[in-house]
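Fold and geometry: a report
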Amino acid sequence: MNVKIINHSANPLPAYATSGSSGMDIRANLSKTFILLPMQRAAIPTGIFIELPEGYEAQIRPRSGLALKQGITCLNTPGTIDADYRGEIKVILINLSVEEQPINNGDRIAQLIIQRVVSVEWEPSIEINETQRGAGGFGHTGRS
Ligand SMILES: O=c1ccn([C@H]2C[C@H](O)[C@@H](COP(=O)(O)OP(=O)(O)OP(=O)(O)O)O2)c(=O)[nH]1
Ligand SMILES: [Mg+2]
């Protein structure tokens, strides 16, 4: 897949940490350290522009280590990268901790997952079919 990089840090490409990883860790592309204040959100640049094939999307998901250790997560998780988006991928981070959290250039701030997308065409109908669940939801199952 084609990728354009404007990141000059050591390991700019999103990369799988292990052969079995679902996501590729994606890094911050910053000229200087960015301090994320408590409850502050920011779109952190990655320096990565990708050319997704039609029928695919990329998702930006948080990293559990950052969430647990520093209270940093992606506000809009999972972030959606459309197949036709050619801008820079940005990661919308929020600091949910009570301390300031520094984001350094090259930090692995999120992970990128590539997935197939199914496109549908709507068929307006008077009725939709019946199922065992029906309209039950929001904790409906398992009640006696
Ligand atoms: O975490 C994210 C989410 C989105 N984007 C980029 C790629 C995506 O294709 C575009 C639009 O995202 P989305 O559809 O989530 O935002 P929107 O508010 O609906 O904007 P738009 O009207 O441009 O679709 O912004 C990112 O770089 N990072
Ligand atoms: Mg949109």
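Residues numbered from 1 in each chain as written. Chains lettered and ligands numbered in written order. Predicted model: local features only at pLDDT ≥ 70, side-chain atom pairs only at ≥ 80, totals over all residues. Heavy atoms only, no water.

**Quick notes on the overall build of the chain**
The helix and strand inventory of the chain stands at one helix and twelve strands. The N-to-C order of helical and strand elements in the chain reads β-β-β-β-β-β-β-α-β-β-β-β-β. A compact globule built from 144 residues would reach a C-alpha radius of gyration of about 15 Å, whereas the chain, at 19 Å, exceeds it by more than 25%. By its C-alpha atoms, the chain is 55 × 40 × 30 Å across when sized along the principal axes. Looking at the chain residue by residue over its 144 residues, the buried ones come to 32%. Within the chain, counting contacts between residues at least 6 apart in sequence, those at least 24 apart form 70% of the total. For the chain, the accessible area works out to roughly 10000 Å², and carbon and sulfur atoms hold 51% of it. Both charge centroids of the chain, one from 13 positive and one from 14 negative side chains, sit 10 Å from each other. (Helix = DSSP H or I, 4+ residues; strand = E, 2+ residues; numbered from the N terminus. Rg over C-alpha atoms; globule rule 2.2 N^0.38 Å. Buried < 20%, exposed > 50% of the residue type's maximum accessible area, 1.4 Å probe, protein only. Contact = heavy atoms within 4.5 Å. Areas by Shrake-Rupley, 256 points an atom, 1.4 Å probe, with all protein chains shown as cover. Lys, Arg positive; Asp, Glu negative; His and termini not counted. Charge placed at Lys NZ, Arg CZ, Asp CG, Glu CD.)

**Details of the site of ligand 1**
Taken together, Asn-76, Gly-79, Thr-80, Ile-81, Asp-82, Tyr-85, Glu-88, Ile-89 and Lys-90 make up the full set of residues adjacent to ligand 1. In the environment of ligand 1, an oxygen atom lies 3.0 Å from a nitrogen or oxygen atom belonging to the side chain of Asn-76. Interatomic distance of 2.7 Å between a backbone N/O atom of Lys-90 and a nitrogen atom of ligand 1. Out of a free accessible area of 570 Å², ligand 1 has 50% covered by protein chains. A per-class count over the shell around ligand 1 returns three nonpolar, three polar and three charged. (Near = heavy atom within 4 Å. Polar contact = N/O pair within 3.5 Å; in protein donor to acceptor, adjacent residues only side chain to side chain. Nonpolar A, V, L, I, M, F, W, Y, C, P; charged D, E, K, R; others polar.)

**Digging into the packing of aromatic side chains**
Scanning all chains against the criterion turns up zero aromatic pairs. Taking NZ or CZ as reference, Lys-4 lies 4.5 Å from the ring centre of Phe-49, over its face. (Phe/Tyr/Trp six-rings, centres within 6.5 Å; stacked < 30°, edge-to-face > 60°. Lys NZ or Arg CZ within 6 Å of the ring centre and 35° of its normal.)

**Looking at the environment of Arg-63**
One can find Arg-63 in the loop between strand E7 (56–61) and helix H1 (64–70). The spacing of Arg-63 and Thr-131 is 68 residues in sequence and 37 Å in space, taken between C-alpha atoms. The contacts of Arg-63, once residues within four sequence positions are left out, are Asp-25, Arg-108, Ile-109, Ala-110 and Gln-111. Looking at Arg-63, its side chain comes within polar contact range of the main-chain oxygen of Arg-108, at 3.0 Å.

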